[in-house]
Amino acid sequence: MHDTGGEETQWRTFPEYFHMSDRRPLTPGCINIAPCWFQQGREVRPASFTGMPALAQLFQPYGLPPSGVFTPEVLATLKGKGGPMVIISMQWLALLASAALWVMHPELYWASVITQIKLAQWAVENDLDDIYTHLQLWASVFNCAAVICNRQCPLHRDPRSAPEGFYVMTSVSHYDDGLMTLSNLSIQLRYNSGAIIGCSGCIVRHGVTFTSDHIVWAWFMHDSLHNFMGTPQPQYATYMDVDQDVSVSA
């Protein structure tokens, strides 16, 4: 499997990673959907990491932009009259991914709920009706989603997310040859239709290969919105050994 080498580059839209479908209505491509986010290049890293660019790139989320310079806005894919209908059409998938996060990482779940409430209040106070309307309809605790059709995904990390944060990746369509690799964990998972996988996209180098038609909904968070609203950083997710709570009598 190809490795991006840690670079956050144009591979996400590189034509050779996409393949055409035999089914006419299915168009290869990738779009991002978000009711509120910072445009690319308008996020600033925390000052404490300016002297350590390599560490900042791999493990430090983007920080709070300077006051009065850049503010979040509705992503271009949702601007216009059709934006609210797009959000409504994806609500049940949004709820499914949110429920998965509530089980996997409840502290992150509630941190995101608080952030979105604060964002809505900020939008009202600043007469940003477009953002407020989209946030009202947004049913996911994740602040961003990517819809990906028929794209191979090389091994990569996602440095714009917090290392403590989780991605939830859901897969749909009709196929049985999907494979997800988590290379720095030495794990490979069958990533067939109906699968849901959660991991830290910032820490875990991950990639997907397949040969047939394949659609992925990737739900993620840009930590800059949490920083913008002053939401405390959640801790890393922990797990409990089931043997602690299960007793078996002979």
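Given the structure is predicted, the values throughout are model-derived calculations rather than measurements.

Caption draft 1: View of helix H5 (residues 129–137). All of the buried residues along H5 are Ile 131, His 134 and Leu 135. For H5, the angular spread of the buried residues around the axis is 100°, confining them to a single face. Residues of H5 that are exposed and point over 90 degrees away from its buried face: Asp 129 and Gln 136. Elements in contact with the buried residues of H5: helix H2 (83–89) and helix H4 (106–125).

Caption draft 2: Quick peek at the packing of aromatic side chains. Per the stated rule, a full pass over the model turns up six aromatic pairs. Here Tyr 109 and Trp 110 contribute two aromatic rings whose centre-to-centre distance is 5.1 Å and whose plane-to-plane angle is 85°, an arrangement assigned as edge-to-face. You can call Trp 110 partly exposed: its relative accessible area is 48%. Arranged with centres 5.7 Å apart and planes meeting at 15°, the rings of Trp 217 and Trp 219 form a pair that is stacked.

Caption draft 3: Quick peek at the sheet that holds strand E9 (residues 215–220). Spatially, E1-E2-E9-E4-E7 is the arrangement adopted by the five strands of the open sheet, whose pairing is antiparallel. The sheet is open, and its two borders are formed by strand E1 (29–33) and strand E7 (196–199), each paired with just one other strand. Each strand of the sheet is rotated relative to its neighbour by a mean of 15°, with strand direction disregarded. As judged from the five bridges shared by E1 and strand E2 (residues 144–149), these two strands associate in the antiparallel manner. Following the sheet pairing, Ile 31 is matched in E2 by Val 147. Running over the sheet, helix H3 (residues 91–104) touches strand E4 (167–172), E7 and E9 and is turned about 55° from E9.

Conventions adopted
Residues numbered from 1 in each chain as written. Predicted model: local features only at pLDDT ≥ 70, side-chain atom pairs only at ≥ 80, totals over all residues. Heavy atoms only, no water. Buried < 20%, exposed > 50% of the residue type's maximum accessible area, 1.4 Å probe, protein only. Helix = DSSP H or I, 4+ residues; strand = E, 2+ residues; numbered from the N terminus. Arc of directions from axis to C-beta. Contact = heavy atoms within 4.5 Å. Phe/Tyr/Trp six-rings, centres within 6.5 Å; stacked < 30°, edge-to-face > 60°. Pairing = 2+ DSSP bridges. Axes fitted to C-alpha atoms, helices over the stretch in contact; angles between N-to-C directions.

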